[in-house]
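As a plain string of letters, each chain reads:
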Amino acid sequence: MADKLKTALFKFTCCAGCQFQLLYFFSPESFLETLDLLDFVYFRMATSKELKEDDHYDLAFIEGAISTTEDIEKVKKIRKQSDIVVGYGACAAHGGVQSIGDWTPQRKLEETVYPNPLQMKSIKVHPVDEFIRVDYQLRGCPIDEVEFMELIRALAAKKEPYLREYPVCVECKFANNICILLMRQGVLESMCLGPVTRAGCRVACTRNMRACFGCRGPMTNPNIPEMVRTFKGKGFTEHEIFTRFTEYAGLSPEFSEGARAYYERKAPYYERPEWRAA
Amino acid sequence: MVRALKLDGLDILIESLKKDYLVYAPLSRNGDYFFSILEEEKAYLGCAVTIMPPKRILQPEVQTLFNYTAVDGYSIETPPLDQKQALFGIRPCDVHAMLGFDRVFGGRYEDPYWWERRKNTLVVAANCTTVAEECFCSSWGTGPGLDANYDLLLTDLEDGYLLEIGSPAGEEVAIQLDVPPAGEADLSKKARLLARATASIKKVLGVKPTELHDFLAERFDHPAWQPQADVCFSCGNCTITCPTCYCYNIFEDYSPALKAGERRSEWDSCQLLEFARIAHGFNFRRTRLDRFKHRSIHKLSWMDQQYQTPGCVGCGRCVRWCPSWPVRRGRPTSLADPVEIIGDLMEAV
Amino acid sequence: MRERRPTTSGRSGEQRKRIDVGYFARTEGEGGIHAVISDHKLESFALDIWEPPRFFEGFLVGRFYYEAPELTSRVCGICPVSHHETATKAVEKAIGLKVDENTTKMRRLIAWTQIVASHIIHLYMLALPDYVGYDGLIEMLPDFPDEVQRFLRMKTAVNAITDAIGGRALHTMSSIVGGFTRPTSKKRLKKLAEELKKVKDDAAETVRLFGRLPTPQFEIESTYVSLLGDGDYPVNAGMLGSSDGLRISENDYRQHFREWQVPTANTKYTGLDGKNPVRVGAISRVNLNYDLLSPDAKSIAQEIGYSVPTRNPIHNNLAQAIEIVGGIDGCLELIDEVDPESIGVARHEVKAGEGGGITEAPRGSLYHWYRVNGEGIIEAADIVTPTAHNAFNLEKDLRELLVEIAEREVDEITLECEKLVRAYDPCFSCSVHIVKT
Amino acid sequence: MKNPYLPMSCVIKETKKETADIKTISVELPDLPAPFDYAPGQFNQISVMGVGEMPISIGSRLDDKTITHTVRAVGEATSKLVELDAGDTIGLRGPFGQGWPLEAAAGKDLLLATGGLGLAPLRALLDLIEAERDRFGRVNLAYGARTPGDMIFTDRFDRWRVIPDFELFLTVDHVPKEAVWEHATGVVTHVFDRLTVDPARALAFTCGPEIMMRFVANSLLIRGFDQNSIFVSMERRMECGMGKCGHCMIGPKYVCIDGPVFSYAQVKALPHNIIAGKGLAA
Ligand SMILES: Cc1cc2nc3c(=O)[nH]c(=O)nc-3n(C[C@H](O)[C@H](O)[C@H](O)COP(=O)(O)OP(=O)(O)OC[C@H]3O[C@@H](n4cnc5c(N)ncnc54)[C@H](O)[C@@H]3O)c2cc1C
Ligand code: SF4
Ligand code: SF4
Ligand code: SF4
């Protein structure tokens with residue numbers, strides 16, 4: 001067998017769930033096969049092996065979004081040190097849940113959480129590929145086991161992984177699911193982003209009768225205006241549509257187009273009367 | 001030889017089938033229906049088009065073509081496909097779609113995966129005595145009643161079930177049932193019920209199937225296509241759920257740790273962007289318009305030219321599962337609905 | 001990345017030691033200790049938590065109430081269910097929704113699986129390598145196949161139940177405000193219960209394993225806080241109580257617990273009555289609720305000589321191991337009791353209001369509070385995690401430990417500190433707002 | 001039932017580098033129950049196990065059980081294939097498709113107009129012309145490439161030149177400074193003025209990028225070739241090669257079984273293609 005890929009996993013701003021997905025929630029077979037294919041030289045959660053300055057990696061996983069200025073330098077360094085860089089999880093790919101904060105002015109955010117915001121020097125949340133080239137994205141919150149295995153098997157075999165580009169709907173139908181978007185009852189349950197979200201999650205949401213909330217970000221060339229029109233047609237409010245598009249991947253150009261569909265020329269939502277009232 | 005039996009209930013038939021076959025039947029879940037292995041739940045025989053067509057049982061969405069190990073060249077192994085199975089309660093439209101697949105997977109290159117499964121499958125069809133609002137099988141002559149191509153055929157007579165036998169394999173099952181033959185009255189009741197069902201189908205294709213080729217060829221550049229394509233998600237729902245859509249992809253799953261791989265096929269859809277893409281990203285149907293047209297015309301005309309079998313059987317699945325609902329002729333409609341697409345094209349240029 | 005750099009620098013005659021742990025390995029999130037010991041005295045000390053802020057309480061403002069559980073689930077990848085369930089409870093209180101007994105039981109079941117699952121990963125993946133002197137579980141694989149296999153068996157059995165109820169094991173799906181969208185079937189649960197029974201021996205073996213490992217004798221006075229069970233071991237219900245006799249309902253939490261800023265550290269501390277540090281977690285739960293543990297858990301605790309109340313903070317690991325046994329019994333019992341098929345999602349109207357809820361996360365009491373307006377939009381949110389509860393106490397304990405072992409070698413001091421930190425099981429990424437940059 | 005999805009395992013006998021990214025690979029066919037029979041213009045599905053399958057034109061006439069394919073590394077599978085060497089194993093299934101219309105061509109003049117790698121699908125035909133010269137009338141081969149270095153099969157040019165009644169016209173788009181080039185420059189249609197075949201009794205076979213075939217066809221139509229005597233070899237994405245997977249469909253036609261060779265008249269009736277100008281893509 002070819003040599004194991006020398007691998008490092010770095011964590012930035014996120015919940016670390018994607019690492020745990022690998023360490024803890026994978027089936028034992030996948031977990032052991034992963035260890036067969038990858039040699040983790042740096043993986044803080046799993047081993048106390050130290051980071052070596054100027055080490056070189058065949059493969060670097062970057063988990064989490066970038067939210068401090070130091071982090072920007074760190075990822076640039078990782079890029080230089082690594083042959084293949086993989087964005088690991090929704091936070092790395094699109095900013096993840098914390099990117100919701102990007103729709104609120106930073107000062108405002110700081111004020112809500114900390115009594116003395118003047119000490120803060122936080123920055124907005126950014127996807128990793130805003131600063132460096134990312135070779136592959138493992139999307140999703142959290143990442144999917146099957147997709148992860150496909151990626152590392154392909155990389156170990158030095159070939160392209162087969163990562164799906166099509167929307168969640170395809171997998172949803174493969175899974176024999178009823179269409180959540182078309183069930184016109186139960187308001188929040190039917191606001192499904194499936195038709196514009198990239199598949200690969202094996203429909204974690206819809207197989208549980210939950211609407212897809214777009215954690216994997218947009219598919220290639222999604223029809224966002226139609227998605228907005230559809231939601232609107234089903235009677236969702238502007239603010240509801242906004243929140244749906246901004247949950248996990250609101251920073252992607254496509255989803256932010258959806259989020260802006262109603263807010264563009266209006267006051268940002270945190271100043272809108274609908275929640276300021278009462 | 002018995003031709004038709006009268007059953008009081010279905011249990012006796014199902015029990016008998018279960019002895020020799022793995023029985024697939026429409027089961028209810030969250031108010032909808034899907035084909036699944038019949039265990040304890042009750043099979044549903046009222047007219048309900050399952051979410052996914054039974055094609056997935058004969059050609060699963062992802063199927064293994066072969067496994068191989070790559071040590072010293074490679075050795076190939078194909079999966080066994082000898083499971084005897086019964087498709088219980090398959091609708092006439094779906095039977096017709098299955099016949100279409102017979103043509104696609106037949107011809108010069110016979111697809112062994114389809115045919116092995118097909119030959120091991122007992123078709124226990126069920127006539128539709130009630131119809132759903134999306135159905136338009138009568139436009140194609142594919143329903144609501146079935147004339148041939150079944151092993152066994154059920155009709156719900158309200159006071160019991162008529163069981164017609166259509167093949168020696170069906171005969172073998174029927175012979176084990178200890179029930180009386182059906183009478184003339186039962187047969188005429190069936191005819192009456194089917195006539196009633198046919199009459200209750202409100203949806204009609206605006207153009208006769210035989211005239212569709214010319215109709216569509218003339219309207220290939222009709223302006224009505226563009227606004228339709230604009231509201232299409234390219235999500236593939238219309239094709240994935242379509243019982244006559246057969247397109248698939250071939251890909252490989254290879255594990256360097258195991259030095260073994262598997263070549264698989266996976267359903268594909270012409271609505272997806274990557275369907276016609278080749279090396280260097282060149283795409284022969286890059287625009288939504290091209291893809292939407294391809295699907296519509298393939299269903300309604302080209303498939304018939306290719307395989308002499310209709311590409312649509314009027315099951316209404318695409319009508320139901322298309323998430324886009326543009327307003328046409330003053331009412332919200334399903335974008336993928338063949339009847340509405342034809343309707344749009346019938347409007348003057 | 002910051003490095004672990006223990007250094008000793010001699011200055012004329014006196015001994016000056018620097019303890020610098022830049023980035024704890026195998027803890028969740030990012031944090032470090034910086035201490036200077038000179039002449040066997042603690043000269044300076046700082047507990048540094050530098051997980052970048054994520055502003056959960058900030059960005060939750062303006063979102064819909066039903067988003068709170070799934071968004072806060074992302075506070076922490078190791079105890080997502082706890083956040084999910086606590087947020088659900090708090091939001092339901094805020095909008096004035098009551099769910100039935102069966103749903104509460106189901107939630108209790110999934111919360112139990114979370115505690116057990118988190119303890120398993122903590123003990124085997126984060127703590128055990130320390131004791132046996134390995135970098136991590138991955139490195140232990142060739143030499144400790146039995147332990148690794150036991151770990152894999154246990155986690156697979158427990159995760160399967162979380163997966164069945166929650167729709168997936170990590171960041172659950174089917175549990176929402178009002179109930180469950182797709183509760184599993186009794187049949188499936190029964191089947192999984194059989195699998196779970198099979199790992200009970202593994203759980204007992206885990207307790208014995210940790211009972212055998214050398215535990216430093218180190219006693220510190222702390223105020224132990226946890227929910228108090230009422231007939232059942234506390235998981236997602238009960239009064240909040242302390243070893244000092246505190247008894248409050250979750251509604252009164254904010255009158256008793258305050259946060260304040262510490263100028264020397266980058267953290268915001270939470271304490272009882274705005275000044276006293278508290279200890280939450282398995283050790284507190286076992287201390288306060290020992291009698292409610294399952295008989296098997298109690299007998300294994302006796303077998304290894306675990307006596308309550310304990311004052312040794314490092315005993316937290318043993319308490320966790322004991323809770324695994326108790327948790328498995330708790331799950332088995334609940335699987336018998338719940339009726340998944342009858343669970344749905346309670347229909348509800350949204351009323352403006354506010355409400356807080358406490359549940360026991362693996363690492364201790366977790367508090368969520370929300371104010372929701374008439375349109376269902378969150379106006380204010382507050383999350384106090386176990387790590388936030390513990391941070392003040394951890395600092396206090398570390399100081400005491402450093403004073404006690406100040407004479408030892410730097411490497412040893414560092415290791416002891418790390419052990420203590422890891423026994424606290426801090427989850428820095430879940431700290432939410434104890435963090436300041 | 002024979003399983004047409006299963007590739008037969010073939011060992012590479014030799015490889016030859018044609019250009020920087022093009023390689024000719026000769027494989028040895030295993031003993032088959034029946035002789036492997038095919039016509040020029042047909043293709044095989046070649047597998048690189050672990051990576052995937054790709055349609056590649058058959059480049060040679062069957063010669064002692066060896067058969068050649070000429071491949072350009074453009075993507076994943078082709079790159080892997082090009083990396084392989086003698087002794088490696090590949091999978092092969094085929095032959096598929098309709099080759100050049102040899103029956104219609106009997107006794108007729110032939111114009112073969114190709115660009116770049118498009119010469120590969122014609123090589124088997126050229127071998128046939130050489131071996132059975134009497135079957136056809138006068139033959140012209142017009143071959144264009146980007147630069148002289150991009151030409152394939154250059155070692156065969158001299159062999160072809162001596163075929164009786166055979167003319168070889170070479171042209172390149174661009175000559176790098178250091179190269180020696182004594183033939184024409186410009187696109188392949190530029191040499192059409194010098195053709196010696198008679199449009200009235202000739203068939204034209206063309207293969208290359210679709211945009212090139214469009215120019216070739218237009219130019220030939222102007223010169224009096226009939227729509228039914230111009231043949232193009234089309235390329236589309238293929239998975240099965242057997243008219244089932246749907247990918248290579250152009251309107252109602254399958255490139256894999258109805259083609260890849262089509263007459264211009266046929267192509268003209270099809271949507272979504274560049275050659276005859278209907279429904280331009282990309
Ligand atoms: C009838 C026919 C004959 C051909 N003859 C030759 C030949 O003699 N020499 C040669 O070098 N090339 C030939 N090609 C083109 C060759 O098949 C493609 O270059 C090859 O498939 C690219 O695969 P890839 O995996 O390297 O590219 P990638 O871009 O990595 O391919 C991704 C997928 O797209 C599909 N695909 C991409 N490009 C094509 C394409 N052009 N045609 C079909 N499927 C494609 C493949 O199925 C592949 O799985 C021929 C194509 C056809 C249709
Ligand atoms: S095109 Fe639509 S109605 Fe026709 S068979 Fe397919 S899914 Fe059914
Ligand atoms: S409509 Fe599209 S997916 Fe369906 S069979 Fe035709 S080409 Fe294939
Ligand atoms: S027609 Fe409807 S179902 Fe089909 S691809 Fe378009 S949006 Fe999807």
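Residues numbered from 1 in each chain as written. Chains lettered and ligands numbered in written order. Predicted model: local features only at pLDDT ≥ 70, side-chain atom pairs only at ≥ 80, totals over all residues. Heavy atoms only, no water.

Enquirer: I'd like to hear about the overall build of chain D, residue by residue, with values.
Expert: For chain D, the helix and strand inventory stands at 6 helices and 15 strands. For chain D, whose C-alpha radius of gyration is 18 Å, the value lies close to the compact-globule estimate of 19 Å for 282 residues. When its C-alpha atoms are laid out on the principal axes, chain D stretches across 50 × 45 × 40 Å. For chain D, the residues scored as buried account for 60% of the 282 residues in total. Across chain D, the fraction of contacts at a sequence separation of at least 24, relative to all contacts at a separation of at least 6, is 67%. Accessible surface, chain D: about 10900 Å² in total, of which carbon and sulfur atoms supply 50%. Where the 30 positive side-chain charges of chain D centre and where its 34 negative ones centre are 5 Å apart. (Helix = DSSP H or I, 4+ residues; strand = E, 2+ residues; numbered from the N terminus. Rg over C-alpha atoms; globule rule 2.2 N^0.38 Å. Buried < 20%, exposed > 50% of the residue type's maximum accessible area, 1.4 Å probe, protein only. Contact = heavy atoms within 4.5 Å. Areas by Shrake-Rupley, 256 points an atom, 1.4 Å probe, with all protein chains shown as cover. Lys, Arg positive; Asp, Glu negative; His and termini not counted. Charge placed at Lys NZ, Arg CZ, Asp CG, Glu CD.)

Enquirer: Tell me about the site of ligand 1, residues and numbers included.
Expert: As a structural note, the neighbourhood of ligand 1 is formed by 22 residues, with Ala279(B), Pro55(D), Arg72(D), Thr78(D) and Glu235(D) the closest of them. Lying at an intersection of chains, ligand 1 is approached by residues of chains B and D. Between ligand 1 and Thr78(D) there is a distance of 2.4 Å, counted from an oxygen atom to a side-chain nitrogen or oxygen. The contact in question runs from a nitrogen atom of ligand 1 to an N or O atom on the backbone of Met238(D), over 3.4 Å. (Near = heavy atom within 4 Å. Polar contact = N/O pair within 3.5 Å; in protein donor to acceptor, adjacent residues only side chain to side chain.)

Enquirer: Can you tell me about the site of ligand 4, naming the residues and giving the values?
Expert: Near ligand 4, the surroundings consist of 13 residues, among which Cys232(B), Phe233(B), Cys235(B), Cys238(B) and Cys322(B) are the closest. When its residues are assigned to classes, the shell around ligand 4 shows 9 nonpolar, 4 polar and no charged. (Nonpolar A, V, L, I, M, F, W, Y, C, P; charged D, E, K, R; others polar.)

Enquirer: Talk me through unusual backbone geometry; I want residue IDs and the actual numbers.
Expert: The omega torsion of the bond from Gly94(D) to Pro95(D) falls at -5°, within 30 degrees of zero and hence cis. Between Gly259(D) and Pro260(D) the backbone carries a cis peptide bond, its omega angle lying at 5°. On the secondary structure map, Pro260(D) appears in the loop between β14 (253–254) and β15 (261–263). Within the chain, Val203(A) stands out as a residue other than glycine whose phi angle is a positive 45°. Take Val203(A): its relative accessible area is 2%, and that puts it in the buried class.

Enquirer: Lay out the nonpolar core in plain terms, naming residues and giving numbers.
Expert: The tendency in soluble globular proteins is for nonpolar side chains to be buried side by side. Counting 165 residues, the largest nonpolar core has Phe61(A), Phe148(A) and Tyr370(C) as the members making the most contacts within it. With 17 residues, the single largest contributor to this core is helix α4 (residues 101–132) of chain C. The residues touching Phe148(A), leaving out its near neighbours within four places in the chain, are Leu22(A), Phe26(A), Thr34(A), Leu38(A), Phe61(A), Tyr88(A), Leu138(A) and Ile143(A). In this structure, Leu81(B), Phe101(B), Phe96(D) and Val191(D) belong to the second largest nonpolar core, which totals 74 residues. (Core = buried A, V, L, I, M, F, W, Y, C linked by side-chain atoms within 4.5 Å.)

Enquirer: Tell me about the packing of aromatic side chains, and please be specific about residues and values.
Expert: The tally for this structure, following the rule as stated, stands at 44 aromatic pairs over all chains. Ring geometry for Phe66(B) and Tyr68(B): centres 6.2 Å apart, planes at 55°, overall tilted. Taken as a pair, Phe66(B) and Tyr68(B) share a single burial class, namely buried. Each member of the aromatic cluster is reached from another via a ring pair, and the members are Tyr24(A), Phe25(A), Tyr124(C), Tyr131(C), Phe151(C) and Phe210(C). In this arrangement the basic side chain of Arg164(A) is found over the ring face of Phe251(B), its NZ or CZ atom lying 5.1 Å from the centre. (Phe/Tyr/Trp six-rings, centres within 6.5 Å; stacked < 30°, edge-to-face > 60°. Lys NZ or Arg CZ within 6 Å of the ring centre and 35° of its normal.)

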